[in-house]
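Chain by chain, the residues run as shown.
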Amino acid sequence: MHVLEVKGLSKSFDKIKAVDDVSFFVPEGSVFGLIGRNGAGKTTTIRMMMNIYEPDSGKVTLRGAPVTNEFKQKVGYLPEERGLYKKMNVWDTLMFFARVKGKKGKEIEEKANEYLKKFQLFTRKTSKIQDLSKGNQQKIQFIATILHDPEFLILDEPFSGLDPINTDLLREIIIDLKNQGKVIIFSTHLMDFAEKMCDHIAMIDEGKIILHGSLKEIKTKYGHRNVNITYDGSISFLNGHPIIESIQDFGNTTGITVKEESQTQELLQLLLERDVKVRRFNANDISLHDVFVKLAGDKDMEVANV
Amino acid sequence: MFNFRTMAVIKRELREKIMSKTFIIMTLLLPVFMFGIMAFQTFLLTYDTESNAKLIIVTESPDLTMNLQSDFSQIPIVKQGKYIITFQTLNRQRLQELIAAKKQEMLDDKLNGIIFIPSAALTDKKIEYYSKSPSNSDLFDKLKPTINQALVDGYFHGKQLSQEDIEYARNRVDINGFRISKDNEIEETNAGARIISFVFAFLLYFSLMFIGMMMMRSVVEEKNSKIVEILLSSVEAKELMVGKIIGTAVTGLLQMAIWMLPIIVVISSSIFVIPPELIPNISIGQIIYFLFNYFVGLITFLGLFATVGAIFDNDQDAQSGIWPIMMLIMIPFFISISMNKNPNSVLANVTSLLPFSSIMVMPARMSLVDIPAWQFATAIVVNVGMMLLIFPLAGKIYRIGILLTGKKPKWGEVIKWLRYK
């Protein structure tokens, strides 16, 4: 059974259909990525999953049962836009966020102390949030998200706005929680990041799910005519070549799709003949970005070219 | 509805509000401020009385001059030397010369003025006053009775009238007001009733505005700083709103109860030596009604303030969106304070029973006149009913508004939110 299942969710605001018949599931023990452009409907979907918005239609089930407020107690949510009560002190803030999740008492206090020590904020317990640096405020925000020991972690664009030190810190926490068997759900527009962290994904575009499944399966499915190369030299001669279907330049790497699977070896040969120094050649490999572009079309690029 | 989540929100609100400097200072300072204003007013009134004046009274007949001289010598302000009055007997022609001679003195404020009482005044009581500022009503209030007395004496002098008749003619009408009430005995109305009526209206006005704005700002802050998104991942919008309103309303009630303490002490003990006409005529029961009524009103208005806070995502927009609610507080306040002339007017009667306005008008009215039990009951039912009606609507708008940011919504759109799921 899937731990979380989303079935036919729809939500409109006035005439705009923000989420349109979205269905996907999150397998037990997975790191799940909800991927899409800004404004694709990720946050609205997440809000409906957490019962913040009521869907116009469809439902969300937790291990087969409809989600209730009980689910909220089991979730740690780090929204993209975060905030804390500026005039509250660190300790009261943590205790308040634990209390709304139904946790209080000695156990949670010990845990809070533990985290504060780990994040080197133990001495700032009585400081007001507004007196902390932005980086430290972010740390308090993480602690508040995970202090109640959530079963699920929902992170909306978790690394946006973080400094490098806090990025590493958060990554560490996420890996730690993953190893503890928690379900982690990411929402992000960074394909590269999702590719590294997630083992299941759902791609959403204009409110609709365009792809859903395990990362491995997706890569095999879409990667069979695709080659990822890193090289020095010029490959412009490939433009319009009969075996080439498309070329996507990502800066560091280039994704090339050939017309037939058997032509990948032919491609390597071509490159070597033209004195292109091939440093990496990954056949049957495709980046999530490539998949996304294939499925949704590169609308961002079009906009940029206008 | 009162689960641990709501309780956590209530607790946080209470802590934040009651421990805040603003709350403590306000609670202590407002009574001081109010008594200060009253004392200041009294001071101004007495200060005015004690100002000095220098006058010349001119008559056309020596008899009248003598009468005036002896009458004036007996009034306190002259005895105390605050008013220095000299008397002269001159005809109209010589008067002009006197005015010309004293002109500079009057312009320099060394002499307040010259009062001319022609002989004709003995029949028509018309006198003349020459001064730089001839419309000084305060001065006349003090001089008129004495001049009148001298004229009355002069008029009746030599006529066949007994001393009592003259005495009667001299007297001014003296009105004593008596307040009729159903169960109490007839009692004199007092300044205390008017003061307490004003105090009630003022406290309600001030507190609803102050606490309401505090509520609105706190909602805007939560929305603006995006805390609300995190909060809503733990609590429902309704729980959050109810928690905030209850927390804030309890804070308000506590503050109001503290402000009521001096009044309770005044009416239930004799620690303070207060002139009887200043002791307000209200009972502990009425104070309890006042506090209950305040609590219901506060919850109703806080619902509205929270809703407006949720519609807008910054203080400026919210300030401009709050005026319809301000009107609901301000208009009843003006009715309340202008009502003490006639607390039984149709306007006072009706507004003390209408939703919103009765929250302020009824308490202000109950200290002036006896309110029939059915009116109290109606006001309570109307207010509680309004509170119960407002809440679901406010909750709906709040729930939608609290997560919307960006464009300032139009009122039409807000109405549409009511139909959202």
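Provided above is the structure to which this section pertains.
Definitions and limits used
Numbering of residues starts from 1 in each chain and follows the order in which that chain's sequence is written. Whichever chain is written first becomes A and whichever ligand is written first becomes 1, with later ones labelled in order. Local features are withheld for residues below a pLDDT of 70 in this predicted model, meaning they are given only at 70 or higher, and side-chain atom pairs are given and counted only at 80 or more; totals for whole chains, interfaces and linings count all residues. As a convention, hydrogens and water are excluded, and side-chain values are obtained from all of the structure's heavy atoms. The way it works is that DSSP assigns letters per residue, a run of H or I at least four long becomes a helix, a run of E at least two long becomes a strand, and they are numbered from the N terminus. Residue burial is assigned from relative accessible area. The probe radius is 1.4 Å, only protein chains are included, and a residue is buried under 20% of its type maximum, exposed over 50%, and partly exposed in between. In this description, contact between two residues means that some pair of their heavy atoms is separated by no more than 4.5 Å. The protein chains shown are the only cover counted for residues, whose accessible areas, like all others here, come from Shrake-Rupley with a 1.4 Å probe. Within this scheme the basic residues Lys and Arg register as positive and the acidic residues Asp and Glu register as negative, but His and the chain ends are omitted. By convention, charge coordinates are those of NZ in Lys, CZ in Arg, CG in Asp, or CD in Glu. For patches, a residue must show more than 30% relative accessible area and have no salt bridge; joins then use 9 Å for like charges and 5 Å for nonpolar side chains, namely Val, Leu, Ile, Met, Phe, Trp and Tyr. We count a salt bridge whenever a side-chain nitrogen from Lys or Arg sits within 4 Å of a carboxyl oxygen from Asp or Glu. By convention, a stacked pair of Phe, Tyr or Trp rings (six-membered ring in the case of Trp) has centres within 6.5 Å and planes under 30 degrees apart, an edge-to-face pair has planes over 60 apart, and any other such pair is tilted. By definition, being over a ring means that NZ of Lys or CZ of Arg is both within 6 Å of the ring centre and within 35 degrees of the ring normal. What gets called buried area is simply the loss in accessible area from a 1.4 Å probe that two parts show on being joined, summed for both. Two N or O atoms form a polar contact when they lie within 3.5 Å of each other; inside protein one atom must be a possible hydrogen donor and the other a possible acceptor, and for residues adjacent in sequence the pair counts only when both atoms belong to side chains. When DSSP finds at least two bridges between two strands, those strands are taken to pair.

What to know about the overall build of chain A
Counting secondary structure elements, chain A contains 11 helices and 14 strands. Taken along its principal axes, the extent of the C-alpha atoms in chain A is 70 × 45 × 40 Å. The buried share of chain A, taken over its 306 residues, is 53%. Contacts in chain A between residues at least 24 apart in sequence constitute 69% of all its contacts with a sequence separation of at least 6. On chain A, roughly 14,600 Å² of surface is accessible, and the fraction owed to carbon and sulfur atoms is 47%. Charge separation in chain A, taken as the distance between the mean sites of 43 positive and 43 negative side-chain charges, equals 6 Å.

A few points about a negative patch on the surface
All names here are of chain A. On the surface, a cluster of negative charge is contributed by E107, E109, E110 and E114. Positionally, E107 belongs in helix α4 (residues 106–118). Residue classification places E107 among the exposed positions, given a relative accessible area of 68%.

Here's the deal with the packing of aromatic side chains
Aromatic ring pairs are reported here in terms of the distance separating the ring centres and the angle at which the planes meet. Per the stated rule, a full pass over the model turns up 19 aromatic pairs over all chains. Seen in terms of ring centroids, A:F186 and A:F193 are 5.0 Å apart; in terms of plane orientation they differ by 80°. Their pairing is edge-to-face. By the burial criterion, A:F186 is buried, and A:F193 matches it. Between B:F206 and B:W259 the ring centres are 6.3 Å apart and the planes differ by 55°, which places this aromatic pair in the tilted class. Here B:F206, found in helix α9 (residues 191–224), pairs with B:W259, found in helix α11 (residues 237–268); they are 53 residues apart in sequence, far enough to count as distant. Classification of B:W259 as buried rests on a relative accessible area of 4%. In this structure an aromatic cluster arises from ring pairing among B:F198, B:F202, B:F206, B:F210 and B:W259. Lying over the aromatic face of A:F122, A:K117 brings its terminal NZ or CZ to 4.8 Å of the ring centre. The ring of A:F159 has A:R171 sitting right over it, with the charged end atom 5.7 Å from the ring centre.

Considering the interface of chain A and chain B
Across the contact, 31 residues belong to chain A and 26 residues belong to chain B. Where chain A abuts chain B, roughly 2,800 Å² becomes buried across the two surfaces, and 55% of that area is made up of carbon and sulfur atoms. Considering only the surface of chain A that becomes buried against chain B, A:Y85, A:R99 and A:V100 emerge as the three largest contributors, covering 22% of it. Between the two partners, chain A and chain B, sit three salt bridges. For A:E81, the salt bridge goes to B:K226, with nearest N and O atoms at 3.6 Å. Inspection of the region where chain A meets chain B yields eight residue pairs in polar contact (both at pLDDT 80 or more). With four residues, the top contributor of residues to the side of chain A that touches chain B is helix α3 (residues 90–99) of chain A.

A few points about the environment of B:I166
Residues and elements named next belong to chain B. Looking at the secondary structure, you find I166 in helix α8 (residues 163–170). In the structure, I166 is positioned 28 residues away from R194 in sequence and 36 Å away in space, judged by C-alpha atoms. With near-sequence residues (within four places) excluded, I166 lies in contact with D153, F156 and L161.

Thoughts on the sheet that holds strand β5 (residues 65–66) of chain A
All names here are of chain A. Taken in spatial order, the four strands line up as β2-β1-β4-β5 in an open sheet, and their pairing is antiparallel. Both outer strands of the open sheet, β2 (16–26) and β5, are each paired with one neighbouring strand and no more. Relative to β5, strand β4 (residues 57–62) runs antiparallel, the two being bridged by two bridges. Its bridge partner being in β5, L62 is matched across the sheet by A65.

Some details on the pattern of salt bridges
By the definition in use, this model includes 25 salt bridges over all chains. Put simply, A:E157 and A:K42 hold a salt bridge, and the shortest N to O gap is 3.8 Å. Taken as a pair, A:E157 in the loop between β7 (152–156) and α6 (164–179) and A:K42 in helix α1 (residues 42–49) lie far apart in primary sequence, 115 residues in all. The exposure class of A:E157 is buried, given its relative accessible area of 3%. Between B:K244 and B:E222 there is a salt bridge, with the nearest N and O atoms lying 2.7 Å from each other. Here the residue B:K244 occupies a position in helix α11, and B:E222 occupies one in helix α9, the gap between them amounting to 22 residues. Given the relative accessible area of 0%, B:E222 is considered buried. Residues joined in a network through salt bridges with shared partners are B:R12, B:E13, B:E16, B:K17, B:E222 and B:K244.

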